[in-house]
Amino acid sequence: MKVLIKFDYENKTYYVYQVGKNIKYGTSDDIYSISATDKNIINEVLNLLKPSKYLINLTPFIFNGKKFDIYLDTKTNFRLFYPIPLEDEIVKLNTIFNDQPFEFNIEFNDKEKEFIRKTINYGKKTVVVFIATTLMVMNLSFFPDIVNKAKLDVYTTHIQEVASINKTVSDDEFLSKINSAIANNNNLSNEEKVFMTSNSFFFLDNKEYIDLNSLVDRLSTIKIEYSPFKNNENIKGQYLRVQNTISIYESSDFETSAFEVLTHEFMHACQQFGYTNYNSFLVETVNSITTSEYYGKDSSYSKYIDYTKSLIEILGGKPFKRYQCYPKEGLIVNELSKIIESPTKAIKLLNDLDNYKSLTSSDDVNNKEEAVILLKEEIYNTIKNYYEAKYHRSMENDLIMLYYLDKELFTDKIKEEYNLDGEYNIIYVKDKCYLNSVLVNSNDNNLLVFIKKQNSNEKPIKIELNESNRLVENKLVK
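Residues numbered from 1 in each chain as written. Predicted model: local features only at pLDDT ≥ 70, side-chain atom pairs only at ≥ 80, totals over all residues. Heavy atoms only, no water.

Asker: What's the story with the overall build of the protein in this structure? I'm lost.
Answerer: Tallying secondary structure elements over the protein gives 17 helices and 15 strands in all. The 478 residues of the protein split such that 52% are buried. Considering only contacts in the protein between residues 6 or more positions apart, those separated by 24 or more positions represent 58%. Per element, the accessible surface of the protein, about 22,700 Å² overall, is 46% carbon and sulfur. (Helix = DSSP H or I, 4+ residues; strand = E, 2+ residues; numbered from the N terminus. Buried < 20%, exposed > 50% of the residue type's maximum accessible area, 1.4 Å probe, protein only. Contact = heavy atoms within 4.5 Å. Areas by Shrake-Rupley, 256 points an atom, 1.4 Å probe, with all protein chains shown as cover.)

Laid out in structure tokens, this is it:
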């Protein structure tokens with residue numbers, strides 16, 4: 001007997017398993033026979049997991065020297081692969097692209113190493129389904145081989161605007177409700193309460209995007225748990241949505257916790273996820289930028305945030321402030337579609353970015369540079385398309401965009417402007433701010449870049465880039 005799918009619902013575990021060539025259903029009450037009611041529950045869950053025929057063709061990737069096309073199923077958010085991977089390949093590819101390890105505090109036991117975790121909304125409950133990683137390569141009745149017959153549809157998305165009910169609430173009342181929820185939360189220590197109420201400006205600065213009632217509900221019961229041990233996923237902390245708990249690892253208590261980790265996870269706790277496809281790239285990079293601008297440095301996901309900052313340069317900060325509080329991918333899709341009228345193109349870009357993060361952060365990928373070479377080129381060109389469609393000028397004349405997307409070309413342009421020869425490196429950068437309104441509107445909110453010649457005692461060259469000199473045709477000020 002091989003378990004293919006299992007999930008818990010209403011205090012019972014449900015199973016789909018294979019015996020020989022036969023597919024059977026069972027429950028923790030009776031693995032060998034099943035009632036009509038339980039069979040109906042399994043079939044309804046399977047229908048939610050079943051890929052549709054509407055796929056978006058994402059950018060191919062290279063896995064251990066082998067090129068794979070990758071498709072995003074617009075119904076389930078599953079990634080599917082072609083050519084059909086070998087069994088050992090599908091195990092790793094599903095782990096890289098289709099697992100949801102951080103949303104729920106559910107870890108694998110030794111018998112579950114070849115499963116992925118998938119969340120679905122069944123009725124009024126969120127159900128975590130364990131799926132055998134080899135399942136999507138089998139030609140089972142409920143997982144047909146759809147890749148060969150796929151219809152690449154122009155997928156459209158509609159996201160209901162976040163209607164602010166806070167405009168009629170005064171700032172004092174707004175903050176009072178938030179602070180009272182924290183102060184009356186018996187799960188928190190006094191130190192934790194002081195920490196959570198210390199940055200009132202974040203709440204006020206994002207007042208129009210915050211669902212106040214939902215936030216107050218979460219903050220009134222949230223708790224922080226500490227563990228001196230490492231997490232199995234090698235992460236420092238996480239916010240567990242269902243449990244409404246911040247978990248901090250490698251720390252015994254509040255005093256020994258890393259402030260950067262606490263603030264990053266607290267900002268996650270202030271997000272209203274709702275029922276949403278989880279775009280890990282967007283969620284983590286926008287949250288990292290938010291944490292940095294409201295609390296100080298956040299170095300998590302630092303190798304990815306330049307892509308997000310390049311998108312903010314195109315779309316402006318407002319959609320990303322909204323996204324931070326209400327992280328639905330469709331919010332950004334809709335903004336990109338105002339520039340180029342193609343939701344499919346926007347969905348593809350955001351999911352290419354998500355795939356880039358998945359590949360470069362996975363231990364199962366041997367040669368990461370080779371794996372993402374096609375992705376990097378496609379992402380660059382797509383962002384270039386949006387930039388040039390909006391501003392009607394060459395992106396490669398914009399030094400701020402080049403700094404985010406192609407630092408080698410950026411350095412070449414600077415050297416050309418300054419008549420420099422020899423090898424130069426970027427040694428320090430003072431970032432621009434995009435989400436904190438006070439910092440955004442300050443007089444010195446410019447990108448400040450210092451470059452220095454290799455093996456030289458010369459003083460670094462300071463480049464301050466702003467709206468007046470970001471284009472190479474405008475003279476740079478030394």
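Asker: So what exactly am I meant to see when it comes to the sheet that holds strand 13 (residues 424-430) here?
Answerer: The strands that make up a sheet are held in pairs by hydrogen bonds between backbone atoms, and each pair lies either parallel or antiparallel. Taken together, three strands build an open sheet; the order of strands is 13-14-15 and the sheet is antiparallel. Only two strands of the sheet have a single neighbouring strand rather than two, namely strand 13 and strand 15 (461-465). Across the sheet, the mean angle from the axis of one strand to that of its neighbour is 25 degrees, orientation sign disregarded. Examined bridge by bridge, strand 14 (residues 447-453) and strand 15 share five bridges and lie antiparallel to one another. Bridging from a neighbouring strand, F450 pairs with K462 of strand 15. (Pairing = 2+ DSSP bridges. Axes fitted to C-alpha atoms, helices over the stretch in contact; angles between N-to-C directions.)

Asker: I keep staring at unusual backbone geometry and nothing clicks. Help me out?
Answerer: In terms of backbone geometry, most residues other than glycine have negative phi values and most peptide bonds are trans. In this chain, Y82 is followed by P83 through a cis amide linkage whose omega measures 5 degrees. With respect to the secondary-structure elements, P83 resides in the loop between strand 6 (79-82) and helix 2 (87-97). For N64, which is not a glycine, the phi torsion comes out positive at approximately 50 degrees. A relative accessible area of 40% places N64 in the partly exposed class. Notably, N77 is not glycine yet its phi reads approximately 70 degrees, a positive angle. Residue placement: N77 occurs in the loop between strand 5 (66-73) and strand 6. For N77, a relative accessible area of 14% corresponds to the buried category.

Asker: Explanation requested: the pattern of salt bridges in the structure shown.
Answerer: Scanning all chains against the criterion turns up 22 salt bridges. Taking the shortest distance from any N to any O, the salt bridge between E225 and K223 comes out at 3.7 Å. The class for E225 is partly exposed, based on a relative accessible area of 39%. For D398, the salt bridge identified is with R393, shortest N-O distance 3.6 Å. (Salt bridge = Lys/Arg side-chain N within 4 Å of Asp/Glu carboxyl O.)

Asker: What is the right way to read the environment of N231 from this model?
Answerer: Take N231: it is sitting in the loop between strand 10 (223-227) and strand 11 (237-240). Accessibility expressed as a relative area gives 5% for N231, which makes it buried. Considered as a pair, N231 and Y249 are 18 residues apart in the sequence and their alpha carbons are 6.3 Å apart. A distance of 3.4 Å separates the side chain of N231 from the side chain of Y249, its partner in a polar contact. (Polar contact = N/O pair within 3.5 Å; in protein donor to acceptor, adjacent residues only side chain to side chain.)

Asker: I'm lost on the side chain of S358 in this one. Help?
Answerer: Counting through the fold element by element, S358 comes out in helix 12 (residues 343-360). With near-sequence residues (within four places) excluded, S358 lies in contact with I96 and F97.

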